Amino acid sequence: MMSNQVKQNSSAASTISLPIEGMSCASCVGRVEAALKKVENVEEVAVNLATERADIRSSATLDPRLLIEAVEKAGYSVPATTTELSIEGMSCASCVGRVERALQAIPGVIEANVNLATERASVRSNVEVDTLIAAVADAGYTASPLDQTSVEAEESANKKDAEQAELKRDLTIAAVLSLPVFMIEMGSHLIPAIHRFVMSTIGQQNSWYIQFALATLVLFGPGLRFFNKGVPALLRAAPDMNSLVVLGTSAAWGYSVIATFFSGLLPSGTANVYYEAVAVIVALILLGRFLEARAKGRTSEAIKRLVGLQAKTARVRRDGKTLEIAIGEVKPGDILDVRPGERIPVDGEVIEGESYVDESMITGEPVPVAKSSGSPVVGGTVNQKGALALKATAVGGATVLAQIIRMVEQAQGSKLPIQGLVDRVTMWFVPAVMAAALLTFLVWFLFGPSPALSLALVNAVAVLIIACPCAMGLATPTSIMVGTGRGAEMGVLFRKGDALQLLRDSKVVAVDKTGTLTEGKPALTDLEVSEGFERNEVLAQIAAVESRSEHPIARAIADAAEAEALTLPRVESFESVTGFGVKALAEGETVEIGADRYMHKLGLDLSSFAKIAARLGDEGKTPLYAAIGGKLAAIIAVSDPIKASTPEAIELLHKLGLKVAMITGDNRRTAEAIARQLGIDEVVAEVLPEGKVDAVKTLKSDYGKLAFVGDGINDAPALAEADVGIAIGTGTDIAIEAADVVLMSGSLRGIPNAIALSQGTIRNIKQNLFWAFAYNTALIPLAAGVLYPAFGILLSPILAAGAMALSSVFVVTNALRLRRFRAPVQAD
């Protein structure tokens, strides 16, 4: 959890500390102080330029909103932070709405999102955390600050396990006590032999006493949890799902108690008992809650697996010894030893040894990556065969794995635009159900057949029990949790949950060329030699000369020779021929390298390479030539090679129905040659870095929703301008921070995978919402008895409870199908 930006001193209720952004000098300090002193009740202000904070004191209570407004009017800003809270006591979508409204009503709260599946609230505000917790408590729920550490995650998991165990215990007790009640009452109705046995042994009245005892134990034993939450909610005039269960079961139990002990108070022929409905309803709802809790626990398994990747200990060299210490004690700069087969404890840089490291849990790419001195390594990845020594560069919350966990948790806790409809409905849903139950009771009591009172009670209870806003509240967040978790396993990180919906709606994918479509590093792609020359010898001589130059093309040629382990000859008399190329003596032989005009200047005929030069031009490559000893020796092409994953990724984007556009600073001929080669639909070439934003705006106006993919610092504005910004995870931190989605590997396969996952998740959410709304739309009228006049069909409260439990379990189980999502293209 990030630290709060507004701090209030508990010993002096009127001392507030505000962070101030935008101050650059002493005069800024004076302006901020003057602005704050004008606020009513402010007695003393101290603004510190170094810490960029303002401390405001008063003997009266201060309103943070007025202070913030004063700072902003003076031309400065008070940044808001995000506070994560764990919320206890929520059971349905209406609870979510109440907690959100309570938080949003606090002065200084900018935005509040509450998630039923994760049982968390994310609040952007300038408000002290104690104020947020107090507001949640006033709404009838319990809140606590949420830390993002693995220890906290483990404690949270243990707490959920304990809750699940408690539910299982209560369910077992309720089931054991409910079974005799069900067998006595319903068995007597359905099986004449059981009715005769009961009447001839214990008799009807005694059977009612037994049922009363057992049902009461169920209702006020395992069922007490519904009263603990539902009754306070009713008293606050903010009923929730627990309130519906309390009203339904209490009405059935109370009527049955009157029929058992005070039957004379009821109209003749209406003294019936419904203890079996009370007991079985509690048991069935507990069954639904237990199955739901177990399924919800599986929705966060991706986070649990990520947390499980963190090593618990590390071997650190200190004072000439190697010590095994807790991972929390590792400091940046420590030297760590990692044995074969072990997890790398923290992010670091290899300083000794060579090995291969399995980074699939971070990047989604299964092929181990070679590591040697100077190579970066990521905590949580697995060392393969070699022993490594590494210097820790990032520990604790600064590691890549910790940041991934934070990103996934933030995405899981966010809301999609589609959730807005659900929120609007659930605001009035529970009161509407109570009104429907009351109307059902009145209609049956006034116009129903005999026994009207009994039928009115049974149908009203069925309406109360069957209405389940739980399914509505879980429909979206459970799918987001499972979808974003599955994405993390595939190396696709959704930094913002709403990117799931926006990405699915995208019509065009705009791609930066350098470093995204291509490797981002020039390489020697073509070398053809003239007759009479030997390739390796020519390459060695050319590379020897070019090694004296700092030009990127020269560096690429030298790297190619080094990769082939060629021995370079000694070079003398290196000279740069301005506007033409370079020349030098390599082992006493003249080597001249340059474009066609240099060769023409030297009087050499290039016709032998005409066809090759034409092909290179069509591929968007500019050919260079080399002359050795005054003879034309070779034609060379250096270009930024296209990533191996690029053609397949673009083909798959087309199959998903998307247009692909390329934005590049390259000349149009080169750009169009690459576009033809890859099947790209539209090219925006010769674009300066600052022109990328305009290019994105133009493409958005032409095609609609746009996703932009980039990896560099100069891509950050375009990533922010796009509807969805997708950053290549191997790119710069600035690009990643500006993006909505991060591809942890450098492979473009992640783009179609992310879009396909987005489409699958939104499809899953729509299925859940359809079920949740269709269920209530169809079954509430059925519970009210609309089929009785025509078909004589009534819905038992027991069946209503079973259907209610099924609806929530169905929604969560359907969301869990996303765990089996298969990427359209698997990494090699």
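Here the residue numbers are simple positions, counted from 1 along each chain's written sequence. Residues qualify for local features only when their pLDDT is at least 70, as the model is predicted, and side-chain atom pairs are given and counted only at 80 or more; totals for whole chains, interfaces and linings, by contrast, use all residues. Heavy atoms throughout the structure, all of them, feed into the side-chain values; hydrogens and water do not.

Caption draft 1: Highlighting a nonpolar patch on the surface. A patch consists of residues exposed above 30% relative accessible area that lack any salt bridge, with like charges linked at up to 9 Å and nonpolar side chains (Val, Leu, Ile, Met, Phe, Trp, Tyr) linked at up to 5 Å. Areas reported here follow the Shrake-Rupley algorithm with a probe of radius 1.4 Å; residue values treat only the protein chains shown as occluding. The rule for a salt bridge is simple: a side-chain nitrogen of Lys or Arg has to be within 4 Å of a carboxyl oxygen of Asp or Glu. Taken together, the side chains of L438, L439, L442, V443, F445, L446 and F447 present a nonpolar region at the surface, about 740 Å² in accessible area. Helix and strand assignments follow DSSP, with helices taken as H or I runs no shorter than four residues and strands as E runs no shorter than two, numbered in order from the N terminus. Assignment of secondary structure puts L446 in helix α14 (residues 419–447). For every residue, the accessible area (1.4 Å probe, protein chains only) is compared with the maximum for its type, and the residue is labelled buried under 20%, exposed over 50%, or partly exposed between those bounds. Judged by relative accessible area, L446 falls into the exposed class, the value being 57%.

Caption draft 2: Highlighting a positive patch on the surface. On the surface, R763, R817, R820 and R822 cluster together to form a positively charged patch. When you line up the elements, R817 lands in the segment after α30 (797–816). Positive charges are assigned to Lys and Arg, negative charges to Asp and Glu, while His and the chain termini are left out of the count. Here the site of a charge means atom NZ of a Lys, CZ of an Arg, CG of an Asp or CD of a Glu.

Caption draft 3: Looking closely at the confidence of the model for the protein. When pLDDT is averaged across the protein, the result is 81; 86% of the residues are at 70 or more. pLDDT runs from 0 to 100 and stands for how confident the predictor is about each residue. Contacts between residues were defined by any pair of non-hydrogen atoms, one from each residue, lying within 4.5 Å. Below pLDDT 50 for its whole length, residues 1–13 participates in 35 contacts with residues either more than four positions away or in separate chains.

Caption draft 4: Molecular detail of the sheet that holds strand β25 (residues 631–639). Judged by pairing direction, the sheet is antiparallel, and its 6 strands sit side by side in the order β20-β25-β24-β23-β22-β21 without closing on themselves. The two strands at the open ends of the sheet, each matched to only one other strand, are β20 (523–529) and β21 (571–577). Pairwise comparison of adjacent strand axes, ignoring direction, gives a mean angle of 20 degrees for this sheet. Should DSSP find at least two bridges between two strands, the strands are regarded as paired. Judged from the 6 bridges that link them, strand β24 (residues 623–628) and β25 form a sheet pairing that is antiparallel. Opposite Y625, over in β25, you have I635 as the bridge partner. Between the N-to-C directions of two axes lies an angle of 0 to 180 degrees, each axis being a line fitted to C-alpha atoms and, for a helix, fitted only over the stretch in contact.

Caption draft 5: View of the sheet that holds strand β16 (residues 382–383). If you trace the 3 strands from one edge of the open sheet to the other, you get β14-β13-β16, paired in antiparallel fashion. Only two strands of the sheet have a single neighbouring strand rather than two, namely β14 (369–371) and β16. Relative to β14, strand β13 (residues 355–358) runs antiparallel, the two sharing 3 bridges. Residue pairing across strands places S355 opposite K371, the latter belonging to β14.

Caption draft 6: Seen up close, the UniProt feature "transmembrane region" (unreviewed entry) in the protein. UniProt positions are given in the numbering used here, feature names are shortened, and annotations may be inferred rather than shown by experiment. In this structure's numbering, the residues bearing the UniProt feature "transmembrane region" (unreviewed entry) are residues 171–194, 206–224, 244–266, 272–291, 425–447, 453–476, 769–788 and 794–816. As annotated, residues 769–788 has a helix share of 85% and a strand share of 0%, and its two end C-alpha atoms lie 29 Å apart.

Caption draft 7: How the structure looks around the packing of helix α28 (residues 750–784) against α30. Contact pair α28 / α30: the axes reach a minimum separation of 9 Å and the direction vectors enclose 170 degrees. On the basis of their axis angle, the class for α28 and α30 is roughly antiparallel. Seen from α28, the contacting residues are N764, Q767, N768, W771, Y775 and L779; seen from α30, they are A800, A803, M804, S807, F810, V811, N814 and A815. All amino acids are sorted into three groups, where Ala, Val, Leu, Ile, Met, Phe, Trp, Tyr, Cys and Pro are nonpolar, Asp, Glu, Lys and Arg are charged, and the leftover types, Gly among them, are polar. Taken together, the residues of the contact of α28 with α30 sort by class into 9 nonpolar, 5 polar and no charged. The labels follow the angle: roughly parallel below 35 degrees, roughly antiparallel above 145, roughly perpendicular from 65 to 115, and oblique for the rest.

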